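Residue-level structure breakdown
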Amino acid sequence: MLEGYALFDTAIGRCGMVWGENGIRAVQLPEATDAATAQRLLRRLPGALPAEPPPEIQRAIDGVVALLAGHGGDLCELPLDMQGVPAFHVRVFELARRIPPGVTMTYGAMAKALGVPGAARAVGQALGHNPFAPVVPCHRVLAAQGRPGGFSANGGLDTKLRMLLIEQASFGAPGLFDKQ
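A brief structural summary. Everything numeric in this text was worked out from a predicted model, so none of it was measured.

Within the fold, Ala51 resides in the loop between helix 1 (34-41) and helix 2 (55-68). With a relative accessible area of 32%, Ala51 lands in the partly exposed category. Contact partners of Ala51, with chain neighbours within four places excluded, come to Gly4, Tyr5, Ala6 and Trp19.

In structure tokens, the structure reads:
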């Protein structure tokens, strides 16, 4: 699979995806302009050119479009190229990918599930550098007591809350791996 990137329309705006020989290199949520979306997207694969997505990537794009319209399931099967991603971030991203749509988890619960209780801040920092949103659904990870916490995508917390509302997630309720 040759490298390239494409911008595509979703229910929350124009997203982008860049791919290379080993799979998806990055997914970008909408920025203020197409140029800004492409610029941020290309941080993971500088020099990639706009291209027609190959079938495997088109299926990934279709999955993101469906998810952001409230019709998608998880995107765990999509091949992510995590080359250059720190090992701890990879572990955080892999766990986040297991959180189903409409379900939330706290940063602290993730840290505990990863075997590093007390590392909630490190989990948050890893998710803040997530180059694969929403395929790695960092929007499903909340602060303690179901507070939204942060979100580094354009629009910040408004974008995070919008994505959670699309998925019909409940707020303030215990999430995945939290004590009931």
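Our focus in this paragraph is helix 5 (residues 120-128). All buried positions along helix 5 are accounted for by Val123, Ala126 and Leu127. An end-on view of helix 5 places all buried positions within 95 degrees of arc, on one side of the element.

Moving on: unusual backbone geometry. Note the cis peptide between Ala133 and Pro134, where omega equals 5 degrees. With respect to the helices, strands and loops of the structure, Pro134 is situated in the loop between helix 5 and strand 5 (141-142). Positive phi values are uncommon outside glycine, yet Gln168 reaches one of about 60 degrees. Considering the arrangement of structural elements, one finds Gln168 in the segment after helix 6 (156-166). Given a relative accessible area of 69%, Gln168 falls into the exposed group.

We now examine the layout of surface pockets. Volume-wise, the largest pocket comes out at about 470 Å³. Every residue lining the largest pocket is counted, 27 residues in all, and those nearest its centre are Arg40, Gly128, His129, Asn130 and Pro131. The set of elements that each furnish at least two residues to the lining of the largest pocket consists of strand 3 (23-28), helix 3 (87-97) and helix 5. When the residues that make up the lining of the largest pocket are grouped by side-chain class, the tally is 14 nonpolar, nine polar and four charged.

Let us look at the side chain of Arg140. One can find Arg140 in the loop between helix 5 and strand 5. Within the local environment of Arg140, its side chain forms a polar contact with the backbone oxygen of Ile99, the two atoms lying 2.5 Å apart. Excluding anything up to four places from it in sequence, Arg140 contacts Leu67, Ile99, Pro100, Pro101, Gly102, Val103, Thr104, Met105, Leu164 and Glu167.

Before going further, it helps to spend a moment on the packing of aromatic side chains. This structure, assessed with the given rule, holds one aromatic pair. Summarising the aromatic geometry, the rings of Phe93 and Phe132 are spaced 6.3 Å apart at their centres and angled 80 degrees between planes, so their arrangement reads as edge-to-face. In this pair, Phe93 is assigned in helix 3 and Phe132 in the loop between helix 5 and strand 5, connecting sequence segments 39 residues apart. Neither residue differs from the other here; Phe93 and Phe132 are each classed as buried.

Pairing within the open sheet is antiparallel, and its three strands lie in the order 1-2-3. In this open sheet, the two strands that pair with only one neighbour each are strand 1 (4-10) and strand 3. For this sheet the average axis-to-axis angle between neighbouring strands, irrespective of direction, equals 25 degrees. Relative to strand 3, strand 2 (residues 13-20) is paired through five bridges, and the arrangement is antiparallel. In the strand pairing of strand 3, Met17 is matched with Val27. On top of the sheet, helix 1 reaches strand 1, strand 2 and strand 3; it is set at about 30 degrees to strand 2, its chief contact. The sheet strands contacting helix 2 are strand 1, strand 2 and strand 3, and the helix crosses strand 1 at an angle near 25 degrees.

Calculation notes
- Per chain, the residues get numbers from 1 upward, laid out in the order the sequence is written.
- It should be noted that, the model being predicted, local features are given only for residues of pLDDT at least 70 and side-chain atom pairs only at 80 or more, the latter also being counted only at that level, while totals for whole chains, interfaces and linings use all residues.
- As a rule here, side-chain values come from all non-hydrogen atoms in the structure, and water together with hydrogens is ignored.
- In this text, helices come from DSSP runs of H or I with a minimum length of four residues, and strands from runs of E with a minimum of two, each type numbered from the N-terminal end.
- With a 1.4 Å probe rolled over the protein chains alone, any residue whose accessible area is under 20% of its type maximum counts as buried; one over 50% counts as exposed, and the rest are partly exposed.
- When checking whether two residues touch, look at their non-hydrogen atoms; a contact exists if any pair is within 4.5 Å.
- Starting at the helix axis, one direction is taken to each C-beta atom, and the arc is that of these directions.
- Only protein atoms enter the 1 Å grid used here. Points where a 1.4 Å probe fits but cannot escape make up a cavity, open sets with protein on both sides within 12 Å along at least five of seven lines make up a pocket, and a residue lines them when an atom lies within 4 Å of a point.
- Grid points are joined across faces, edges and corners, and a volume is the space filled by probe spheres set on the points.
- Amino acids are sorted into nonpolar (Ala, Val, Leu, Ile, Met, Phe, Trp, Tyr, Cys and Pro), charged (Asp, Glu, Lys and Arg) and polar (every other residue, Gly among them).
- Two N or O atoms count as a polar contact when they lie within 3.5 Å, although within protein this holds only if one can serve as hydrogen donor and the other as acceptor, and sequence-adjacent residues are included solely when both atoms are side-chain atoms.
- Pairing of aromatic rings covers Phe, Tyr and Trp, the last counted by its six-membered ring, and requires centre-to-centre distances within 6.5 Å; plane angles under 30 degrees mean stacked, over 60 mean edge-to-face, and any other angle means tilted.
- Strand pairing is assigned whenever DSSP detects at least two bridges linking the two strands.
- For every element, the axis is a line fit to its C-alpha atoms; helices are fit only across the contacting stretch, and the angle between N-to-C directions ranges from 0 to 180 degrees.

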